[in-house]
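Observations on the three-dimensional arrangement
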Amino acid sequence: MPKLTRRNFLKFGAATGTLLAGGSKTLQAMELKFGGEDRHQIRPFHPRATYNYICSLCPYHDCGIAFVEGGKVVKLEGNPDHIATRGKFCPKGIAGLLAVYDPDRVLYPLKRAGKRGEGKWKRITWDEAIKEISGNIKSAMDSNAVKEIILNTGEYRDSAVIRFMQTIGSESVFRSRLTSLSNPNKNKALLDTVGVDTLTPDFANSRYVLNFGANIIETAFPFAQRLTDAIVEKRLKLVTFDVRLSNTAGRSDEWFPVSPGTDGIVMLAMANVIMQERLADTEFLKNWTNYPIDKLASYLKQWTPELAEEKSGVKADDIKRIAIEFADTKPGIVFTNNGISYHLNGTESERAAVLLSAVTGNIDVKGGLCLPKKFEIQNPRLKAEGGRLKAKNMNYHLPFKIKDGSQKVAVLLNYMSNPAYSSPAASVWRDVLKDEKLVPFIVEFSPFMSETGELADIILPDVVSIERHDVVSSPTALKPWVGVTTPILKPQGEAMDVRMVIQKIVKEIDPDGKGIASQWAFNDEAEWVKKQIKETPELKDKYEDIMDKGMYPVYGKLDSKGRKIVDENGKAVDGDYGVYKKSGFPTSSKKIQIHEKKGQSPLTALPAWQENPKHKGLKEGEFVLTTFKWAYHTNSRTGNLKYLSEIIHSNPVWINKKEAVKLGIKDGGLVRVISPVGHIVTKAFVTNGINPKSAAISASVGRWAYGRVAMANPARKPEFETGLHDLDIDDNLWWRDKGVNPNDIMPVSVDPVGGGQAWFDTVVKIEPAKPGDKYGDVKVDNERHVSIYKETDGVMGQGSGGKA
Ligand code: SF4
C-alpha cells in the first residue's frame, strides 16, 4: 500500500467519492497523523474570538479578520466591510496564517558562529545583540562616518527604520522601490505629469479597460476582484497587451502579444488615431492639460498605426479599431504596470499612458483612472524630517557602489529586503556581503532566515503581521481608509517589533536620553500608533473609532449579494471623483503636464517612444526575457507558506512553440537560458501563449537559504534553535523540485529617466541543455555584471525621442 499522504489521499478521494461518504473522518485522522496538534481544525462549540488586523504580506495592506481559538490563530480572512476588499483576500493573505507558526521561523536573536554564509549560528540574548549593534553604530557616529551606516529596506512598513536613519543623520537609505504601489519609472512619469505617484482604477464602474502589461487578476488583488466581477457580469470590455498569456490576458476579451518594450508606441498611435478621428475629449484637454490641442494633434501624427505595427507586431487595423472603440466607450481606463515600466523606455511609456487617458478625458471620473485617496499617516514628530527618496536611493546600484569604493560601509542594516536573492545581479550582492572588508557588520531584521540573512552577523527576530500594532492607509479604493492591527498574539519566541528594538539601540547609544534617545521616547507600540493617528490631521480625533472598528471610516456594510458596500439606506457607497476641479492637479501648472518644458527635466518635451537598440534584429534563439509573478507568491516572503508552495514551486521558462521547434526544444526538456552574464538550466514550457520574441520565467522560487518548504527539502532542518514543529512539513512535503532563481543572470540596467531597473529588457539565448548540465545549475560571472553595469548606464540617452 502506498504511503498515505495528503496528495495521494485527495487523489484517491476524488476518484472514489470517499471525500463525501465518510471521508471527512478519514481526512481528520490523516490530518491528525500529519498535522499533530492540528491547530487549524475547527472545533464545534469551541469559543472563537475575532480580531481586526492588516495583512502585511504585500503593499496593499488589506484589512482582515483573524479568528482565534484557545490562544491560537486558526483562520485569516478579509474584512467584509472594508471598502477596498469587501472581505476578499488573495491566496497569500489567507495562507499568511502559516507564517505565524512556521517551524523554521527565527525566534531568538542569533549571532554568526562560523564564517559568513556557513550557516552556523548561536543564540544570544537581546542585551548582547543590542550592545553589539549599538557599539558598531556609535563607533561609526563617533568617527564622523555616519553616512557609512546604511539601511537597505523593502519598500513598505519601513517608516520606523527610515525615521531611525533620520534620527542619526544618515541619508544612506536604499530601497528596491521608492513608493509602495508604483515602480520608479511609473512614479517619475506620474509625478511629472499628474503630480501624484499612483492612480487608482475604478474597475467597478468602467466600460472599457485597455490593459498594458499588467497581470491585474493575479497581482493587484484589491483591484482585481472588482475587475473580475465586471468581467463575469459582462459590464466591460477588457483588452490586454502583454508579451505573455497571463491569467489576466487569458480572461480578456482580446489579447495582443505585443513585442517587448513596444507598448508605448501602440499607445501613442492610439492617441494619434483618436485625435485624427476627432474623438478626443477636447474640453478636458483644453482645460486640464498644458499643451494646445492643435499642436498636440500635429505632434502625434508621426506615431502612425503602421509604424506601431512595424515595431510592436500589433496590426495597424487593430490599433485603429481599438482606439476608436475605447474613445467611443466611456468611461474607460488605461491601466499599466510593471510590464511596460520595467524597460529602459518605461518612464516614456508611462507618460504615453497618461496622455492616452487625458486625450479621452478618463482621469478622475467615475469608471476612469482616479487620483489616489488615502490618509497620509505621519510618524511621531521628529526634529529633522527627511525629504522624499530619490532615484539615487535605488538599491540596484548599491553593491556596485560598495565594490568600487564610492559607498563605504561601517554597518549595514537590512530590513524587509532580500537582495542576495531577489535583486537583479543578486550574485554581486552576495559577493559584496560575504566580504568583511567591504561590509564589516551586517544586521538583519527578519522573522525568517533568508539568502541575505544567511550572510548577516546578527539576525534579530522580527514580528509578523498579526503580532504587530500598526496603522496603515493605502490608495486601493475610491475613498480613503485607514486600518489598524492590534497585537492579537504575544509574539512567538522572543520576536520583537522593530520600533522597540530601535528604542533599545538609541537608549544604549544615548544613555542620558538627552540626544537621539529623546526622539524615541515612547512607552510602547500602542503609544507610537496613538501619536501617529493624533498627528495625522484628518484623523487626529478618530483614535477611539479606529481602534474600535479596526478601520476608519466604516462606510457601510457589504450587501447581501456580496458585491457592494452599501450605506444605512442600502445605497451603494460611491467614490470621490473630480477632486481636481476644486484646486487643480498637484502640479506647478495645476494641469496635467503632458508637455515638459525643455531643460526642466530629463524627459522629452512630449511623450515619445524609443526602441531599445538591443532588441533590434534578434537572431534565431534570442529572446527578450520577462520575469513574472503568480497569484501565490510575493518576490521573497511566501516561499515557506506550504499552502502556496504546494501549488507553485517550480518555474519552467516559457518559449513560443514555433521558436521551440526551430531550436529542437521540447516541452519539459532541459534548456540553458543564457544572458550576457551567465546561464541557468531549467525546463522549457512550450506554448503558443507568448510573443515569439519573448521568453518568460516566474521569480519567487529557487531558494537555498529559507525554510524547508521553500527549499523543498524536509530533511534540512534549521541550524538554529526554533522551538516549533509541524509534522505536515516533516511527513507531507511531497515535492522536490524547488525551481531555479533567475535573478543572478539579470544584469542591472536602469532607465536613465525614471531610475527603475529594466527587468524585462535582458536579451537571452535559449538552447537545449548541454551534456553535463543539471536542472537548477546557475553559472554567473560577477565581473561581467560589473562591466555591464558600467556599459549600460544611460544607454537610451536622455531627452531624445519624438519630434515636438
Ligand atoms: S493582496 Fe493579498 S497579500 Fe496583499 S494585502 Fe491583500 S490579502 Fe494580503
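Along each chain, residues carry numbers from 1 onward, in the same order as the chain's sequence is written. Per-residue local features are limited, in this predicted model, to residues with pLDDT of at least 70; the limit for side-chain atom pairs, both in listing and counting, is 80 or more; totals at the level of whole chains, interfaces and linings are taken over all residues. As a convention, hydrogens and water are excluded, and side-chain values are obtained from all of the structure's heavy atoms.

Brief notes about the overall build of the protein
The cut-off we apply is this: Working definition: helices are DSSP H or I runs of at least four residues, strands are E runs of at least two. Numbering for both runs from the N terminus. For this measure, only C-alpha atoms enter the radius of gyration; the expected value for a globule follows 2.2 Å times N^0.38, where N is the number of residues. Exposure classes here rest on a 1.4 Å probe applied to the protein chains alone. A residue is buried below 20% of its type maximum, exposed above 50%, and partly exposed in between. The contact rule is simple, with two residues in contact once any of their heavy atoms fall within 4.5 Å.
Of regular secondary structure, the protein possesses 27 helices and 28 strands. Scaling as 2.2 N^0.38, a compact globule of 804 residues should have a C-alpha radius of gyration of about 28 Å, and the protein matches this with 26 Å. Structurally, the protein occupies a C-alpha span of about 70 × 65 × 65 Å along its principal axes. Looking at the protein as a whole, 61% of its 804 residues qualify as buried. Across the protein, every contact between residues at least 6 apart in sequence was considered, and the portion connecting residues at least 24 apart equals 74%.

Quick look at the site of the ligand
Rules: When at least one non-hydrogen atom of a residue lies within 4 Å of a molecule or strand, that residue is treated as near it. The classification used treats Ala, Val, Leu, Ile, Met, Phe, Trp, Tyr, Cys and Pro as nonpolar, Asp, Glu, Lys and Arg as charged, and all other residues, Gly among them, as polar.
Looking at the ligand, the residues that line it are C55, L57, C58, H61, D62, F89, C90, K92, G93 and F221. Taken together, the residues of the shell around the ligand break down into six nonpolar, two polar and two charged.

Side note on the side chain of R708
For R708, the position within the fold is in the loop between β26 (694-698) and α26 (727-732). Ignoring any residue separated from it by four or fewer positions in sequence, one finds R708 in contact with P103, D104, N640, N713, P714, R716, K717, P718, I729, D730 and L733.

Quick look at the nonpolar core
To keep it simple, the criterion reads: To qualify as a nonpolar core, a set must consist of buried Ala, Val, Leu, Ile, Met, Phe, Trp, Tyr and Cys residues joined through side-chain atoms within 4.5 Å.
Counting residues in each nonpolar core, the largest one holds 72 residues, and the members touching the most others are L210, F212, F241, M270 and L296. Ranked by residue count, the leading element in this core is helix α10 (residues 263-276), at ten residues. Counting residues in hydrophobic clusters, the runner-up holds 41 residues, among them A140, M500, A517 and W520.

Regarding the environment of Q519
When you line up the elements, Q519 lands in the loop between α20 (498-509) and α21 (525-534). On the basis of relative accessibility, which here comes to 19%, the residue Q519 falls in the buried class. The sequence separation of Q519 and Q532 amounts to 13 residues, and the corresponding C-alpha distance is 14 Å.

Topic: the confidence of the model for the protein
Put simply, the rule reads: pLDDT is a per-residue confidence score from the predictor, ranging from 0 to 100.
Residues at a pLDDT of 70 or more form 90% of the protein, whose mean pLDDT is 90. Taken together, the stretch residues 1-38 has pLDDT below 50 and engages in 47 contacts with residues farther than four places along the chain or on a different chain.

Some remarks on the pairing of strand β24 (residues 670-675)
As a general feature of sheets, a regular strand has side chains that alternate between the two faces. Just so we agree on the cut-off: Strands pair, by our definition, only if DSSP identifies at least two bridges between them.
When β24 meets strand β25 (residues 678-687), the two strands line up antiparallel, connected through six bridges. Residue pairing for β25: V673 is matched across the bridge by I680. Where β24 lies against strand β27 (residues 763-768), four bridges are found, and the strand directions are antiparallel. Opposite I674, over in β27, you have K765 as the bridge partner.

Digging into the domain arrangement of the protein
Worth spelling out the cut-off: Each domain's extent is set by a domain assignment, obtained either automatically or from a database.
Once the domains are mapped, the protein shows domain 1 (110-179 + 380-468 + 495-537), domain 2 (184-370) and domain 3 (613-792). The straight-line distance from the C-alpha centre of domain 1 to that of domain 2 is 39 Å.

Concerning the pairing of strand β22 (residues 622-628)
Across the seven residues that make up β22, a large majority, seven, are buried. Across the two faces of β22 the burial is the same, with E622, V624, T626 and F628 and F623, L625 and T627 all buried. Across five bridges, β22 lies against β26 in parallel orientation. Counterpart to V624 in the pairing with β26 is S694.

A closer look at the packing of aromatic side chains
As a reminder of what qualifies: Pairing of aromatic rings covers Phe, Tyr and Trp, the last through its six-membered ring, and needs centres within 6.5 Å; plane angles under 30 degrees mean stacked, over 60 mean edge-to-face, and all others mean tilted. Lysine and arginine charges are scored as sitting over a ring when NZ or CZ, respectively, is within 6 Å of the ring centre and within 35 degrees of the ring normal.
What the rule picks out here adds up to 23 aromatic pairs. On the basis of an interplanar angle of 70° and a centroid distance of 5.1 Å, the ring pair of F522 and W528 is categorised as edge-to-face. Residue F522 is classed as buried on the basis of its relative accessible area, which comes to 8%. Judged by its relative accessible area of 2%, W528 falls in the buried class. Among the aromatic residues, those joined into a ring-pair cluster are Y60, F203, F223 and F335. If you follow R244 out to its NZ or CZ, it ends over the ring of W654, 4.8 Å from the centre. R703 extends its terminal NZ or CZ atom over the ring of Y706, reaching a point 4.3 Å from the ring centre.

Observations regarding unusual backbone geometry
Of note, the amide linkage connecting K330 to P331 takes the cis form, showing an omega dihedral of -10°. With an omega of -15°, the peptide bond running from Y552 to P553 counts as cis. Even without being a glycine, D364 presents a positive backbone phi close to 55°. Locating D364 in the fold gives a position in the loop between α16 (346-359) and β13 (369-370).

A few points about helix α27 (residues 782-792)
As a reminder of what qualifies: Taking the helix axis as origin, the arc is that swept by the directions to the C-beta atoms. Residues adjacent in sequence count toward polar contacts only when both atoms are side-chain atoms; beyond that, a polar contact is any pair of N or O atoms within 3.5 Å, and within protein one must be able to donate a hydrogen and the other to accept it.
Regarding α27, the residues found buried are N782, H785, V786, I788, Y789 and T792. Along the axis of α27, the buried positions cluster into a sector of 165°, meaning they face one direction only. Opposite the buried face of α27, at more than 90 degrees from it, the exposed residues are E783, K790 and E791. Where α27 is buried, its residues meet α17 (398-403), α19 (426-434) and β28 (778-780). Two or three places before E783, at the start of α27, stands the capping residue D781, its side-chain oxygen 3.0 Å from that residue's backbone nitrogen.

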